Structures are given as structure tokens and as C-alpha cells.
Amino acid sequence: MIEQKLHSTKVFFFDKEYISEFVYGGVDGAVTTFAVVAGAAGAGADIRWVLIFGFANLIADGFSMSVGSFFSTKSDIDNYKKHEDIEYWEVEHLREKEIQEIREIYENKGFSGKLLEQVVEVIISNKKVWVDTMMKEELQMTQESKTPIKNALMTFFSFNIVGLIPLLAYLGAWLMDMKESSFLFSLSCVSTGFALLFVGYLRGIATKTNRFICVMQTLLLGGLAAAIAYYVGEVLSRYF
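Starting from 1, residues in each chain are numbered consecutively following that chain's sequence as written. Per-residue local features are limited, in this predicted model, to residues with pLDDT of at least 70; the limit for side-chain atom pairs, both in listing and counting, is 80 or more; totals at the level of whole chains, interfaces and linings are taken over all residues. As a rule here, side-chain values come from all non-hydrogen atoms in the structure, and water together with hydrogens is ignored.

Colleague: Got a minute to help me understand the overall build of the chain in this structure?
Modeller: Strands are runs of DSSP state E lasting at least 2 residues, helices are runs of H or I lasting at least 4, and numbering of each runs from the N terminus. On a plain count of helices and strands, the chain comes out with 10 helices and 2 strands. Overall, the chain shows an N-to-C arrangement of helices and strands of α-β-β-α-α-α-α-α-α-α-α-α. Computed over C-alpha atoms, the radius of gyration of the chain comes to 25 Å, more than 25% over the 18 Å expected from 2.2 N^0.38 for 240 residues, which places it beyond the range of a compact globule. Viewed in the frame of its principal axes, the chain has a C-alpha envelope of about 80 × 45 × 30 Å. When contacts within the chain are restricted to residue pairs at least 6 apart in sequence, those whose partners lie at least 24 apart make up 77%. Note that accessible areas follow from Shrake-Rupley with a 1.4 Å probe, and for residues the cover is restricted to the protein chains shown. Surface exposure of the chain reaches about 14300 Å², of which carbon and sulfur atoms provide 64%. Looking at the chain, you have 22 positive and 28 negative side-chain charges, and the mean spots of the two groups are 5 Å apart. Between the two quantities, the radius of gyration covers C-alpha atoms and the globule rule is 2.2 Å times the number of residues to the power 0.38. Residues count as neighbours in contact if any of their non-hydrogen atoms are within 4.5 Å of one another. Charge counting treats Lys and Arg as positive and Asp and Glu as negative, with His and both chain ends excluded. Where a charge lies is defined by one atom per residue type: Lys uses NZ, Arg uses CZ, Asp uses CG and Glu uses CD.

Colleague: I keep staring at helix 7 (residues 148-164) and nothing clicks. Help me out?
Modeller: In an α-helix, one turn spans 3.6 residues; hence positions three or four apart end up facing the same way. Across its 17 residues, helix 7 extends 24 Å between first and last C-alpha, which sits within 8% of the 24 Å expected from 1.5 Å per residue. Relative accessibility under 20% of the residue-type maximum defines a buried residue, over 50% an exposed one, and the middle range a partly exposed one, all with a 1.4 Å probe and only protein chains included. For helix 7, the complete set of buried residues consists of Pro148, Asn151, Ala152, Met154, Thr155, Ser158, Phe159, Asn160, Val162 and Gly163. In a helix, the anticipated span is given by 1.5 Å times the number of residues less one.

Colleague: Looking at this structure, how should I read the side chain of glutamate 90?
Modeller: On the secondary structure map, glutamate 90 appears in helix 3 (residues 47-93). The buried charged residue glutamate 90 lacks any salt bridge, with lysine 97 as its nearest oppositely charged partner at 4.8 Å. In this view, glutamate 90 contacts Arg95 and Glu98; residues no more than four positions away in its chain are not counted. A side-chain nitrogen of Lys or Arg and a carboxyl oxygen of Asp or Glu constitute a salt bridge if their distance falls within 4 Å.

Colleague: What should I look at first to understand the packing of aromatic side chains in this one?
Modeller: What describes a pair of aromatic rings is the distance from one ring centre to the other and the angle between the planes of the rings. Pairs were defined over the aromatic rings of Phe, Tyr and Trp, the Trp ring being its six-membered one, requiring ring centres within 6.5 Å. Orientation was assigned from the angle between planes: stacked under 30 degrees, edge-to-face over 60, tilted for the rest. Tallied over the full model, the rule gives 6 aromatic pairs. With 5.7 Å between their ring centres and 70° between their planes, tyrosine 106 and phenylalanine 111 make a pair best called edge-to-face. Phenylalanine 111 gets classed as partly exposed once you look at its relative accessible area, which sits at 28%. Through a chain of ring-to-ring contacts, the aromatic side chains of Phe22, Phe157 and Phe198 assemble into a single cluster. For a ring to carry a charge above it, either NZ of a lysine or CZ of an arginine must fall within 6 Å of the ring centroid while also lying within 35 degrees of the normal to the ring plane. Above the plane of the ring of tryptophan 49 lies arginine 48, whose end atom (NZ or CZ) is 4.8 Å from the centre. Its end group placed over the ring of tyrosine 106, lysine 109 keeps NZ or CZ at 6.0 Å from the ring centre.

Colleague: Looking at this structure, how should I read the environment of glutamate 101?
Modeller: Here glutamate 101 shows up in helix 4 (residues 95-108). Spatially, the C-alpha atoms of glutamate 101 and alanine 229 are 55 Å apart, while their sequence positions differ by 128 residues. Among all residues touching glutamate 101, those that are not within four sequence positions of it are Met134 and Glu138.

Colleague: I tried to follow unusual backbone geometry on my own but got confused; where do I start?
Modeller: Trans is the prevailing form of peptide bonds, just as negative phi is the prevailing case for residues other than glycine. The phi dihedral of glutamine 140 falls on the positive side, at around 55°, and the residue is not glycine. In this fold, glutamine 140 is placed in the loop between helix 6 (127-138) and helix 7. Judged by its relative accessible area of 61%, glutamine 140 is exposed.

Everything listed is a geometric property; what it means functionally is a separate question.
Structure, rendered in C-alpha cells:
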């Protein structure tokens, strides 16, 4: 049972390999949407305008980020494929040169004599293994296992789900036809803080670094962005 947990491919409700996309979209969603809310609060905007600008930012920025994620992943895949095709051509047409490169790679790893020749022989006996070895050892390139569309969908999903949190207090107030909004910004601050804590924790998992530090960094940077937006909104509201 312990072993199953250690090798689990799930964290909470999604695959481990997509944590980085969830964090990437979630942090940006929470920070940018909360910045809009903070700026509107600083300018003294009413609930209606907070929701209009908040949701406009949520949908437009979420879509923009997902498109960026799609093309970034696709570019990595295309770049790998291009260099892989070159390696296949070289293995086919520059065989001796490529064999010597394999030999040098494993010499540098400490292999020598008969063992070195055996290793070289095993690798060059399978063209795919040969090319994969050249891609990894010579070009320092690894094949992207994630698909562009799944990356894009995860980014869009996380941006909108986490980015919606700063708007929930205002959305609830609007649905209940409330006119007073003085306490809503405080509610938004608290809920966004919890969202950033959660995403920061996931960031620690994704980067395999100290989770407490990741949580604090995410919370502080999100708070700084909100503070800047709030005071910019407050200052500009005096002149417009």
C-alpha cells in the first residue's frame, strides 16, 4: 500500500505530469484576476464593473495562456523531431562517424577496452536505441511526453478555476442583489490567499523543492501584485 502511494500518478485529482501546467495557469489566474479586483477596489468601482472586468480578464487571459502553452509544447516536440530526423540521416549516411561519437560518449563515462566495444556494439545494433542515445547524450534533448492539447487544456482549466476565486465574493453579492461592497474586497483577499497557498503547495510538488518556501513565495508575490494594482487604481481614480 505504501509503495502504491509512492508510485501514484495522481496528486489530488489530476496527473502528476501536469502539475506544472496547473501551477503555471493557476498562479497567473489568481494573481491577474485578483489584480483586476484590487485595482477596481482601489478605484472604488461597484460590483458590476468588478465582475465585468474580472470575467473579461479571466476568459481572455486564460485563452491566451492556453494558446501559448499549446504552441510552446508543440515547438518543443517539433524541434525534437527535427533533430531526431537529422540523427537518423547521420546514422544512415555517416555511420562510422556516428559509431565513433558513441564510443567517445561512453569513453567519457569511464568505459574502456572490451567492455566499451560491447556497449557500442549493443547500442548500434538497434537504430532507435542508437538515435535515442545520441539525442540524450550528444544533444541533451529528451522527448516531450505531454501533448500540446492536454497542456493547453490544463492551463486553461487551472487559470479559470483558480482565477475565479477572487471573484466569488463579488459574484455572490451580485446574485443576492447586494449594493454594499465595502467588505467584499476583504473576503476576496482571504479566499485568494487560500488559493495561492494551495497553488504554492502544488508548485513545491512540481519543482520538488521546499513546499513551505514555495507557498510563501507564491503568497508574497501574489500579494505584492495585488497591492500594486490596488494603489494604482486608487491613484488613477483621483484623476479620471
